[in-house]
Amino acid sequence: MDGNGRWAENQGLERLAGHKEGAKSVQDIVRAAREIGLEAITLYAFSSQNWARPGAEVLGLMNLLRDYLFEERPEIMENGIQLRAIGDIEKLPDFVREPLDSLRNDSASNDKMVLTLALSYGGRESIAQTARALAEKVASGEMKAREINVESFGQAMPTAHLPPLDLLIRTSGEQRISNFLLWEAGYTELCFSDLLWPDFRREALYASLEEYKGRKRRFGLTGSQVESGDLAP
Ligand code: FPP
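Residues numbered from 1 in each chain as written. Predicted model: local features only at pLDDT ≥ 70, side-chain atom pairs only at ≥ 80, totals over all residues. Heavy atoms only, no water.

Draft legend 1. Highlighting the overall build of the chain. Regarding its fold elements, the chain presents 8 helices and 5 strands. For the chain, the sequential pattern of α-helices and β-strands runs α-α-β-α-β-α-β-α-α-β-β-α-α. By the compact-globule yardstick of 17 Å for 233 residues, the chain fits well, its C-alpha radius of gyration being 19 Å. Counting every atom, the chain has about 12600 Å² of accessible surface; 50% of that belongs to carbon and sulfur. Treating the 28 positive side-chain charges of the chain as one cloud and the 36 negative ones as another, the clouds have centres 2 Å apart. (Helix = DSSP H or I, 4+ residues; strand = E, 2+ residues; numbered from the N terminus. Rg over C-alpha atoms; globule rule 2.2 N^0.38 Å. Areas by Shrake-Rupley, 256 points an atom, 1.4 Å probe, with all protein chains shown as cover. Lys, Arg positive; Asp, Glu negative; His and termini not counted. Charge placed at Lys NZ, Arg CZ, Asp CG, Glu CD.)

Below is the structure:
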């Protein structure tokens with residue numbers, strides 16, 4: 001969800017005003033995703049690296065997250081959305097972690113859509129943590145080293161609850177992944193929008209989904225193998 005700062009600067013406003021407007025995009029995109037019937041959506045709301053931003057900006061973002069969790073709770077519950085989180089959640093201040101934990105618990109059996117917030121999250125960090133957890137299992141004898149493969153590694157990742165990642169959208173004209181879902185994005189379609197995140201509303205989501213529909217996914221196979229449908233994974 002990139003471009004909040006630039007959006008604010010373009011309007012002559014403080015960066016936090018961009019994040020506030022970005023929170024409105026979050027609201028609109030999540031609502032649209034549910035209405036369309038998407039199975040899951042994951043939002044990169046705060047990276048492991050974002051802690052190094054100025055203290056006032058970090059605090060402002062934490063306040064916005066807390067507000068979001070309180071304000072959106074009724075809509076999340078009424079619409080059967082299951083809220084999940086990935087990242088180093090324990091690093092979040094109590095005033096964010098408590099409403100987050102409460103909504104995660106209360107929405108755990110909701111089954112219309114999974115909304116995952118990536119908070120204090122880094123793709124490399126999550127791969128390293130998973131590798132460490134598996135290494136510990138091998139060291140304790142709970143698992144054999146030869147049992148580590150793409151399947152078991154994926155099952156040990158914090159995103160094991162999610163379906164395969166079909167589409168990753170990056171806003172603000174930048175063409176990089178910036179440490180988001182690195183493992184999960186192995187065969188993901190990438191879509192880059194020039195819009196700054198506060199301007200990215202449901203029409204832009206629909207446009208990205210149209211672009212995705214036009215893609216031919218081959219997963220390492222030949223086009224004719226995929227067309228025959230026999231060998232597609
Ligand atoms: C990146 O834009 C955006 C963030 C670091 C924060 C994203 C947070 C929100 C959209 C609002 C709160 C989230 C939720 C889930 C309610 P940037 O600040 O790096 O933009 P820039 O590259 O233009 O400076």
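Draft legend 2. Structural context of the site of the ligand. Close to the ligand lie 16 residues; D2, G5, R6, R15 and R53 are nearest. In the environment of the ligand, an oxygen atom lies 2.7 Å from a nitrogen or oxygen atom belonging to the backbone of R6. Between the ligand and R15 there is a distance of 2.9 Å, counted from an oxygen atom to a side-chain nitrogen or oxygen. Against a free-state accessible area of 630 Å², the protein chains account for coverage of 92% of the ligand. Contributing elements (two or more residues each) for the shell around the ligand: α1 (4–10), α2 (15–36) and α3 (55–78). In the shell around the ligand, the residues fall into 6 nonpolar, 6 polar and 4 charged. (Near = heavy atom within 4 Å. Polar contact = N/O pair within 3.5 Å; in protein donor to acceptor, adjacent residues only side chain to side chain. Nonpolar A, V, L, I, M, F, W, Y, C, P; charged D, E, K, R; others polar.)

Draft legend 3. Representation of the environment of E174 in the model. Within the secondary structure, E174 sits in the loop between β4 (167–170) and β5 (189–192). The sequence separation of E174 and L196 amounts to 22 residues, and the corresponding C-alpha distance is 9.9 Å. Setting aside residues no more than four positions away along its own chain, E174 makes contact with D2, R6 and F192. A polar atom in the side chain of E174 sits 3.2 Å from the side chain of R6. (Contact = heavy atoms within 4.5 Å.)

Draft legend 4. Representation of unusual backbone geometry. A positive phi is found at S120, a non-glycine position, where the angle reads about 50 degrees. With respect to the helices and strands, S120 occurs in strand β3 (residues 113–121).

Draft legend 5. Quick peek at the environment of A145. On the secondary structure map, A145 appears in the loop between α5 (123–139) and α6 (150–156). Once the C-alpha coordinates of A145 and D28 are considered, the two residues, 117 residues apart in sequence, prove to be 45 Å apart.

Draft legend 6. Fine view of the sheet that holds strand β2 (residues 81–86). Sheet architecture is open: 3 strands sit in the order β1-β3-β2, paired in parallel fashion. Lying at the two open borders of the sheet, with one neighbouring strand each, are β1 (40–47) and β2. Direction aside, the axes of adjacent strands within the sheet are offset by 20 degrees on average. Sheet topology places β1 next to β3; 7 bridges connect them, and they run parallel. Within β3, the residue paired with Y44 across the bridge is A118. (Pairing = 2+ DSSP bridges. Axes fitted to C-alpha atoms, helices over the stretch in contact; angles between N-to-C directions.)

Draft legend 7. Region of the structure containing the nonpolar core. Core analysis: the largest hydrophobic core is formed by 31 residues, its most contacted members being V30, L100, L115 and L119. Every element with two or more residues in this core is listed here: α2, β1, α3, β2, α4 (94–106), β3 and α7 (202–213). Per-element accounting of this core gives the leading share, 7 residues, to α3. Sequence-distant contacts of L119, defined by excluding residues within four places in its chain, comprise A45, F46, L65, I86, G87, D88, I89, L92 and L100. Ranked by size, the runner-up nonpolar core spans 8 residues in total, among them Y121, L168, L181 and A185. (Core = buried A, V, L, I, M, F, W, Y, C linked by side-chain atoms within 4.5 Å. Buried < 20%, exposed > 50% of the residue type's maximum accessible area, 1.4 Å probe, protein only.)

Draft legend 8. Highlighting the packing of α2 against α3. Interaxial distance between α2 and α3 falls to 10 Å at its minimum, and their mutual angle equals 30 degrees. The angle between α2 and α3 falls in the class roughly parallel. The handedness of the crossing between α2 and α3 is right-handed. Counted together, R15, L16, H19, K20, V26, Q27, V30, R31 and R34 of α2 and E57, G60, L61, L64, Y68, E72 and E75 of α3 form the full contact between these two elements. (Parallel < 35°, antiparallel > 145°, perpendicular 65-115°, else oblique. Left-handed = near helix turned anticlockwise from the far one by under 90°.)

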